[in-house]
Amino acid sequence: MSDFIKITSTDIPEINGSFSSHEELYKFSIEKPEEFWGPIARARLRWDKEFTKVMDCNMEKGVFDWFIGGKLNASVQCVDRHCEVDPDRIALIWEQDEPGKEQRITFRQLKEMVCKIANVLKSEGVRKSDRVVMYISISPLAVASMLACARIGAVHSVIFAGFSAEALASRIMDAGASVVITSDQSIRGGRLIELKKTVDAAVAKCPSVRRVLVARRTGNPVPIIEGRDVWLEEAMEAQSVECIPESMDSEDSLFMLYTSGSTGKPKGLVHSTAGYLLYASFTHKQVFDIRDGDIFACVADIGWITGHSYVVYGPLVNGITTVLFESHPAYPDHGRYWEMVQRIRPTQFYGAPTAIRLLLGHDSSYVTKYDRSSLRTLGSVGEPINHEAWQWYHEVVGKGKCDVVDTWWQTETGGICISPRPSAPGAEIRSAMPMRPLFGIAPVILDDKGNVLEGRDVSGALCIRKSWPGIARTVYGDHSRYYDTYFKPYPGYYFTGDGSIRDLDGYYHITGRMDDVINVSGHRLGTAEVEDALDEHFSVAESAVVGYPHDIKGEGVYAYIVLKEGVIQEHKQIIAELRSIVRTKIAGHAVPEIMQICPSLPKTRSGKIMRRILRKIAADQIEELGDVTTLADPSIIEYIIKNHRHCI
Ligand code: PRX
C-alpha cells in the first residue's frame, strides 16, 4: 500500500502576479500579507464600506487589526448574497438523529428564519455587542440563531450542550448574557438530553438572564417559567421576514467560544467579524477544494470551533450546502455516516479521529455496502490521527480515491493552519500528518530556551511568527490573560501550546499538547479544571489529573487522589461521588476513566507535583520514568506503580 496519494490543484484567482510554484505563492502570502489578503478580502466578502488598510498587527503585544475601516455584516455574507442569486439553493441539510430523517432548508428559508429570530432578539432588547448564550444542539434553528445574533451585531456564545448546569452558569455569568436560547430537549443516538432543565438549573444562578427562548426539538413537556421563558417558534410567528442588517466594523466581535487551557477557568475566546469570516471561508475553499454545487458534510457539533468554522460560517459564506449532523456515528449501527453519505451525496466529509477509531474496529461491510462515490475529500480534525485510522479512512472509506487531509488548528486560530492541502498539483499527501502551512501561516519551532530551530529534522514548541486574519483577538473581559497565555511564553510569537516536528522533508507533525491540557475524543480539557472539581469532595486532600493513551478516545483522564487523614468512607463510595461531582461541575466527558487513591503524590523538594512521572505511570511506561532522585519521597513512586493496576 502506498503511503502517499496525489492531490489536485487549487487556485486563488484574486491574486495578481505569476507564480511558478505553490512555494512561491506561499512565500508571497507570508512576505506580502497586505497584497495577498487585501484582494481576497475585497473579492470574497461584501463590504458596506471598503476597508482602507489591510492590517495593523503587533505580535509583541498581541494586538491585531485587519481590514481597518471596513464595514460589513456576517449574516449578509452567509445568506443574503446567495438569496439574491439562487434563493432556492439548499443551504442546510439537517441529518436528524432519527435514522433516515432529514430536513432541507433553502437560502430563502434560512434568511427568513434569521430575520425573524433577529427581530425576536431585538424585541427582547438585545442590542449591538450584547452577548447571547446558546445551549442547543445542532439544527437549522440553532444555525439561524447564530446568524440572527450576527445580523443585529450581538455576540453569540454557543456552549456545547453536553456541559453541566454549573459549567453553563459560569459561562453565562462570565459573558453577562441577558438572553439564552435553548431547546426543550435534544436527542442523540436515540437518547433524550434534558437541555431546558439544565438551562433552568443554570439560569437560577444567573440574575443577568431576563429571557430564555425555547425551541421545540422533541415536543415533550418541559417546565416553563412564566414571565421568563418564551417558545421561540411562537415568538417568530409574529415577526417580519425582513431585518435590516447592522453594519459592523471589521474588528467588531462576531462570537465568543469557551475553551480550556492549562490554568484557571475556561477562556471565552473572541473572534472578529471580517478577519474570521474571511479566514474560515478561504481555508474552507482551499483545503477542501470547494466547487459550486458541493455538499459539505462536517459532522462536528456547533458547540465547538469546528462547527462554527466548517459547519456554519465557512460553507455558508462560500454559498454551498452544509450538512448538520445531529446523530452519533454508531447509531443505529456503525454504518450511520456512510448510509448518510449514500443518501445525501456529500462531496466532502470532515470528522474526528476518535470516531474513525471507533468505526474501524467493526466489519468494513458497514462502510462498503453504501455508495460513497460522491466523496472527493476526507478531512480529519481535533486530535492526532494515527496511521491505522488514516489508512482505514483512505482505503476503506475513500477506496484510495479521495484526498485525505489531516488538518491542524485550534479554537484560537479560527480556521485550519496546517494541512496537506492546498499545495501544488500532484504534490504528495503522506499518512497521518498535517504537513504544510496554509497561505499566510508562518509556523516556527522553538526550543525551551526560546531559540528558533531552523532547518529540518527539528522538534519543539509550535509557534506562529506572523498574524493571520482568523486569529482570536482576545479573551473576553481579560486581555492580559490572552497576552500571558499566547504571547508571553515566546515573545514575538503566537504560542499554540502544541509540540511539533518539522521532519527531514520539511513537513509538520504535531506531537501533542506541551501544557496540562488533555484531549479526550477531541474535547479539550484542562487538568486543573478536573482537579478543582475533585478537590471539592470533603474527603479529598489533593489530586493530580493526567492524560493517558486511550484506543478510541485518543486520551483518557487518569486521576490520582490523596484522601484527607482519618477518612473512613469506603473508597468505592468516594470514587462514585467523585465521578458525580465532575459530571455536575463540568461534563460527562471530563469524568476520569481511572482513579487511583494514593497516600501522597510524588513531589519535588519544593513541593511541585511531578506530573511527568504520573503521566508515565498512567501510560504504563514505567521503564521510562527518568530521574526520580529529586523527589522529596521516592518511595511513593513504588507504591503508586504497585497499585496502578488495581485502581478503580
Ligand atoms: O492539540 C491540538 C489538537 O487540538 C487542539 C485544539 O483544540 P480545540 O481548540 O478544541 O480545536 C479543535 C478543532 C480545531 C490543538 O492545540 N489538534 C487539533 N487538530 C489536530 C490536533 N492535534 C493533532 N493533529 C491535528 N490535526
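The structure displayed is predicted, hence computed values, not measured ones.

### Some details on the UniProt feature "domain: Acetyl-coenzyme A synthetase N-terminal" (unreviewed entry) in the chain
Okay, so step 1: Taking the numbering used here, the UniProt-annotated feature "domain: Acetyl-coenzyme A synthetase N-terminal" (unreviewed entry) corresponds to residues 23-78.
Okay, so step 2: End C-alpha atoms of residues 23-78 are separated by 31 Å, and the span's content is 46% helix alongside 25% strand.

### Concerning helix α5 (residues 140-152)
Okay, so step 1: With 13 residues, α5 extends 18 Å from end C-alpha to end C-alpha; this agrees with the ideal 18 Å at 1.5 Å per step.
Okay, so step 2: Of all the 13 residues making up α5, 13 are buried; the element is thus mostly covered by neighbouring parts of the structure.
Okay, so step 3: Positive phi shows up at Gly153, right after α5, with a value of about 85°.

### A few points about the pattern of salt bridges
Okay, so step 1: Within this structure, the stated rule accounts for 41 salt bridges.
Okay, so step 2: Note that Lys585 is salt-bridged to Glu536, the shortest N-O span being 3.1 Å. Of this pair, Lys585 sits in helix α17 (residues 571-585) while Glu536 sits in the loop between α16 (527-535) and β30 (540-550), and the two are 49 residues apart along the sequence.
Okay, so step 3: Each member of the salt-bridge network shares a partner with another, and the members are Glu95, Glu102, Arg104, Arg336, Glu339 and Arg343.

### A closer look at the packing of aromatic side chains
Okay, so step 1: All chains considered together, the criterion is met by 36 aromatic pairs.
Okay, so step 2: Ring plane angle 75° and centroid distance 5.8 Å describe the contact between Tyr310 and Tyr350, whose orientation is recorded as edge-to-face. On the criterion of sequence distance, the pair formed by Tyr310 in helix α10 (residues 305-317) and Tyr350 in strand β19 (residues 348-351) is long-range, its members being 40 residues apart.
Okay, so step 3: By relative accessible area, which is 0% here, Tyr350 ends up buried.
Okay, so step 4: Within the aromatic cluster, the residues linked to one another by ring pairs are Phe64, Trp468, Tyr482, Tyr486, Phe487 and Tyr494.
Okay, so step 5: In this structure, Arg171 is placed above the aromatic ring of Phe163, and the distance from its NZ or CZ to the ring centre is 4.4 Å.
Okay, so step 6: Looking at Arg216, its charged tip hangs above the ring of Trp231, at a distance of 3.8 Å from the centre.

### Remarks on the UniProt feature "domain: AMP-binding enzyme C-terminal" (unreviewed entry) in the chain
Okay, so step 1: The UniProt entry lists residues 529-608 under the feature "domain: AMP-binding enzyme C-terminal" (unreviewed entry), expressed in the numbering used here.
Okay, so step 2: Within residues 529-608, the helical portion is 28% and the strand portion 32%, while the C-alpha atoms at the span's ends are 18 Å from each other.

### Some details on the sheet that holds strand β6 (residues 102-106)
Okay, so step 1: The strand order across the open sheet formed by seven strands is β6-β5-β18-β17-β19-β20-β21, and the pairing between neighbours is mixed. Two strands close off the open sheet at either side, each with one partner strand: β6 and β21 (403-407). Neighbour-to-neighbour, the strand axes of this sheet turn through a mean angle of 20°, independent of strand direction.
Okay, so step 2: Where strand β5 (residues 90-95) and β6 come together, five bridges link them in antiparallel fashion.

Criteria and thresholds
Chains are numbered independently. Their residues run from 1 in the order of the written sequence. Two thresholds apply to this predicted model, a pLDDT of at least 70 for residue-level local features and 80 or more for giving and counting side-chain atom pairs, whereas whole-chain, interface and lining totals are computed over all residues. Side-chain measures were taken over the full set of non-hydrogen atoms in the model, leaving aside hydrogen atoms and water. UniProt positions are given in the numbering used here, feature names are shortened, and annotations may be inferred rather than shown by experiment. Runs of E in the DSSP output that reach at least two residues are strands. Runs of H or I that reach at least four are helices, and both are numbered from the N terminus. A helix is expected to span 1.5 Å multiplied by its residue count minus one. The buried label goes to any residue with under 20% of its type's maximum accessible area, the exposed label to any with over 50%, and the partly exposed label to all in between, with areas taken from a 1.4 Å probe on protein chains only. One side-chain nitrogen of Lys or Arg within 4 Å of one carboxyl oxygen of Asp or Glu is enough to make a salt bridge. A pair of Phe, Tyr and Trp rings is counted when the ring centres sit within 6.5 Å of each other, with Trp represented by its six-membered ring. The angle between the planes then sorts it: under 30 degrees is stacked, over 60 is edge-to-face, the rest tilted. Any Lys NZ or Arg CZ that is within 6 Å of a ring centre and within 35 degrees of that ring's normal is treated as a charge sitting over the ring. Pairing between strands is defined by DSSP: at least two bridges between them are needed. The convention used is that axes are lines fitted to C-alpha atoms, helices contributing only their stretch in contact, and that angles between N-to-C directions extend from 0 to 180 degrees.

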